[in-house]
Amino acid sequence: MTLRDLLRRGAAQLGAAGVPSPEVDARALLLYALNLSPVSLLTRAGAEVEAADEARFEALIARRAARVPLQYLLGEVEWGGVRLRCDARALVPRPETEWLLHLTLEALRPLAAPRVLDVGTGTGALALGVKAARSGAQVTATDLSPEALTLARENAALNGLEVTWVQADLLTGVPGPFDLIVSNPPYLPDADREDVQPEVTHDPELALYGGPDGLGLARRLAAQATGVLVPGGRLLLELDPRNATAFAAELRAQGWAAGTAADLTGRERFVTAQWSGAAQWSGAVGSALP
Ligand SMILES: C[S@@+](CC[C@H](N)C(=O)[O-])C[C@H]1O[C@@H](n2cnc3c(N)ncnc32)[C@H](O)[C@@H]1O
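Remember, predicted model here, so these are calculated numbers, not experimental data. (Residues numbered from 1 in each chain as written. Predicted model: local features only at pLDDT ≥ 70, side-chain atom pairs only at ≥ 80, totals over all residues. Heavy atoms only, no water.)

## Some words on the packing of helix H6 (residues 95–108) against helix H7 (residues 125–133)
One way to put it is that H6 packs onto H7 with a least axis distance of 10 Å and a crossing angle of 45°. Accordingly, the angle class assigned to the pair H6 and H7 is oblique. As for how H6 packs across H7, the hand of that crossing is right-handed. On the side of H6, the interface is formed by Thr-97, Leu-100, Leu-101, Thr-104, Leu-105 and Leu-108, while H7 contributes Leu-126, Gly-129, Val-130 and Ala-133. A per-class count over the contact of H6 with H7 returns 7 nonpolar, 3 polar and no charged. (Axes fitted to C-alpha atoms, helices over the stretch in contact; angles between N-to-C directions. Helix = DSSP H or I, 4+ residues; strand = E, 2+ residues; numbered from the N terminus. Parallel < 35°, antiparallel > 145°, perpendicular 65-115°, else oblique. Left-handed = near helix turned anticlockwise from the far one by under 90°. Contact = heavy atoms within 4.5 Å. Nonpolar A, V, L, I, M, F, W, Y, C, P; charged D, E, K, R; others polar.)

## Re the UniProt feature "domain: Methyltransferase small" (unreviewed entry) in the chain
Annotation from UniProt places "domain: Methyltransferase small" (unreviewed entry) at residues 104–191. Secondary structure within residues 104–191 divides into 32% helix and 24% strand; the distance between the first and last C-alpha atoms comes to 30 Å. (UniProt positions renumbered as here; feature names shortened; annotations may be inferred.)

## Thoughts on the site of the ligand
Around the ligand lies a shell of 19 residues, among which Gly-120, Asp-143, Asp-169, Leu-170 and Asn-184 are the nearest. One of the backbone N or O atoms of Gly-122 is found 3.5 Å from an oxygen atom in the ligand. Asp-169 places a side-chain nitrogen or oxygen 2.8 Å from a nitrogen atom of the ligand. Considered on its own, the ligand offers 590 Å² of accessible surface; in the complex 96% of this is hidden by protein. (Near = heavy atom within 4 Å. Polar contact = N/O pair within 3.5 Å; in protein donor to acceptor, adjacent residues only side chain to side chain. Areas by Shrake-Rupley, 256 points an atom, 1.4 Å probe, with all protein chains shown as cover.)

## A look at helix H2 (residues 22–34)
Along its 13 residues, H2 runs 18 Å from first to last C-alpha, staying within 8% of the 18 Å computed at 1.5 Å per residue. Listing the buried residues of H2 in full gives Pro-22, Asp-25, Ala-26, Leu-29, Leu-30, Leu-31, Ala-33 and Leu-34. Contacts from the buried residues of H2 go to helix H1 (3–16), helix H3 (38–43), helix H4 (51–65) and helix H5 (70–74). (Expected span 1.5 Å × (residues − 1). Buried < 20%, exposed > 50% of the residue type's maximum accessible area, 1.4 Å probe, protein only.)

## Some details on the pairing of strand S9 (residues 268–275)
Sheet topology note: the strand S7 (residues 229–238)/S9 ladder contains 5 bridges and is antiparallel. Pairing of Leu-237 across the sheet is with Val-271, part of S9. As paired strands, strand S8 (residues 256–262) and S9 are joined by 7 bridges and run antiparallel to one another. Looking across to S9, one finds that Ala-258 is bridged to Ala-273. (Pairing = 2+ DSSP bridges.)

Next up, the structure:
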């Protein structure tokens, strides 16, 4: 069996299993299984594959056909300028969240040594993406999940980056002040549980659902944020595109200057808000977790 034939067979198996991008995934798994570069796949497409290599690829294809996320199989992904180990301890960082990182870096541009908080950090993606791009930033990241924080610490070590990791319920007990808070909170409406792609069932439940309308965590986070943001400080959120415009209006009604930003497919997915400072920073919010 040649490399080309093996790739075609793997893609066909993934397509039959309903995997959304079978050719892309089969190619990524073939490169990984055989430790090939993209160029060597092209130049050696007609070469015969050894039985052990074929078996290794087939085992990965079988797991992907069972809808195990591609990122778990590859172990690591490139995301937002950093390498991230991905497994069941935290949500697999999504490509659309790279645009939230971009918006964050744009907002930080005027600040020489910004103090940044990433709430619900998961793999550490946003916190590490900020730190990698802005070494002078002081970055803190929280998560309620100790497992996610362990993975985030591993990812920080993998990239040689320093972030302060805090186990907390949103901002509870987190000492400010911050110039910018960024978060991709759990935002799916609870009813979506019945309707997610099989891969999403591998993400931790805690990472996904935000209450009946999906905005429970975002509302609580915005209320807490006014206590730790400096006057003029920013809050940047990723939300369900079904909710972002309405949530920006909610924030405006509470005294924020708030609007939305579209993702690369044109859907209003991000809320960008600035706090006027009417309620001055007053130190940590609430009490620390036991
Ligand atoms: C949608 S995931 C985002 C992960 C990561 N920031 C990313 O963009 O890939 C939401 C994260 O929020 C965390 N989380 C859920 N409830 C939380 C809470 N009350 N306080 C802090 N973190 C929470 C979850 O454990 C999860 O890691």
